[in-house]
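Geometric and topological summary
So the chains spell out like this:
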Amino acid sequence: MLSISSVVYASSYNTTVNFRKDYNGAVREFNGQNIRYLATMSSDKSNDTGRYTVRLDRSAGLWSYEIGRKSLLRVGKGQAEWTNVGPGKYRIGFEKADDDIWLSSKDVVISNF
């Protein structure tokens, strides 16, 4: 029972993000088939109506390759899901226009579902 709990915990990560240029997060281990990204993003620009891209990459030794990407609003709650990706090591990447605007979230959750 304890080993099952630790495995489930290992496939759910709470973190923060703060970026103004493209950014790649840490590589993390996931044991399920599907991965979900949830975050409430804020911007240092008033009334920001722009978008950012969240990208899922699978790590393969020294290399990584893109699984998929989703475009989300820069302000407010956003969610992205990738299905049937399988267990392995993954990272989330963030991309946005090179406009010197900071985006941040204190409640990023990346998990299996």
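Residues numbered from 1 in each chain as written. Predicted model: local features only at pLDDT ≥ 70, side-chain atom pairs only at ≥ 80, totals over all residues. Heavy atoms only, no water.

1. Structural notes on the sheet that holds strand β9 (residues 103-112)
Threshold: Note: two strands are recorded as paired if DSSP finds a minimum of 2 bridges between them. Under the DSSP-based scheme used, a helix requires at least four consecutive residues in state H or I and a strand at least two consecutive residues in state E, with every element numbered from the N terminus. Fitted lines through C-alpha atoms give the axes, limited to the stretch in contact for helices. The angle between two N-to-C directions lies from 0 to 180 degrees.
Judged by pairing direction, the sheet is antiparallel, and its four strands sit side by side in the order β1-β9-β4-β7 without closing on themselves. Only two strands of the sheet have a single partner each, and these edge strands are β1 (12-19) and β7 (76-82). For this sheet the average axis-to-axis angle between neighbouring strands, irrespective of direction, equals 20°. Across seven bridges, the pairing between β1 and β9 is antiparallel. From the neighbouring strand, Thr 15 faces β9, where its bridge partner is Val 108.

2. Brief notes about the nonpolar core
Quick reminder of the rule: Take the buried residues of types Ala, Val, Leu, Ile, Met, Phe, Trp, Tyr and Cys, join any two whose side-chain atoms come within 4.5 Å, and each joined set is a nonpolar core. Summary of the burial criterion: residues with accessible area below 20% of their type's maximum are buried, those above 50% are exposed, and those between are partly exposed, where the area comes from a 1.4 Å probe applied to protein chains only. Contacts are residue-level and defined by heavy atoms, with any inter-residue pair within 4.5 Å sufficient.
Membership of the largest hydrophobic core comes to 22 residues, with the highest contact counts inside it found for Ile 35, Tyr 37, Tyr 52, Val 54, Trp 82, Ile 92 and Phe 94. Counting only elements with at least two residues in this core, the list comes to β1, β4 (35-43), β5 (51-60), β7, β8 (88-95) and β9. When residues of this core are assigned to their parent elements, the largest contribution, four residues, is made by β4. Residue contacts for Val 54: discarding those within four places in its chain leaves Tyr 37, Gly 68, Arg 69, Lys 70, Leu 72, Ala 80, Trp 82, Ile 92, Gly 93 and Phe 94.

3. Focus on the confidence of the model for the chain
Going by this rule: Think of pLDDT as the predictor's per-residue confidence, scored from 0 to 100.
Looking at the chain as a whole, the pLDDT averages 92, with 91% of positions reaching at least 70. Long-range and interchain partners of residues 1-9, a stretch whose pLDDT sits below 50, account for two contacts in this model, where long-range means more than four residues apart.

4. Considerations on the pairing of strand β6 (residues 63-73)
Every other side chain in a regular strand lies on the same face of the sheet, so the side chains alternate between the two faces. The pairing of β5 with β6 spans 10 bridges and is antiparallel. Bridge pairing in β6 places Thr 53 opposite Ser 71. Remark: two residues form the turn of the hairpin made by β5 and β6, two consecutive strands paired antiparallel; Gly 61 in that turn has positive phi of roughly 70°.

5. Observations concerning the side chain of Ser 43
Here is the rule we go by: In protein, a polar contact means a hydrogen-donor-capable atom and an acceptor-capable atom, both N or O and within 3.5 Å, with residues adjacent in sequence counting only if both atoms are side-chain atoms; elsewhere, any N or O pair within 3.5 Å suffices.
Structurally, the position occupied by Ser 43 is in strand β4. Of note is the side chain of Ser 43, whose polar atom sits 3.1 Å from the backbone nitrogen of Lys 45. In terms of polar contacts, Ser 43 uses its side chain to reach the side chain of Asp 48, at 2.7 Å. Not counting residues within four places of it along the chain, the set of residues in contact with Ser 43 comprises Asp 48, Arg 74, Val 75, Ile 101, Trp 102 and Leu 103.

6. Observations concerning unusual backbone geometry
Unlike most non-glycine residues, Asn 47 shows phi in positive territory, near 55°. Residue Asp 100 is not a glycine yet carries a positive backbone phi of 65°. With respect to the helices, strands and loops of the structure, Asp 100 is situated in the loop between β8 and β9.

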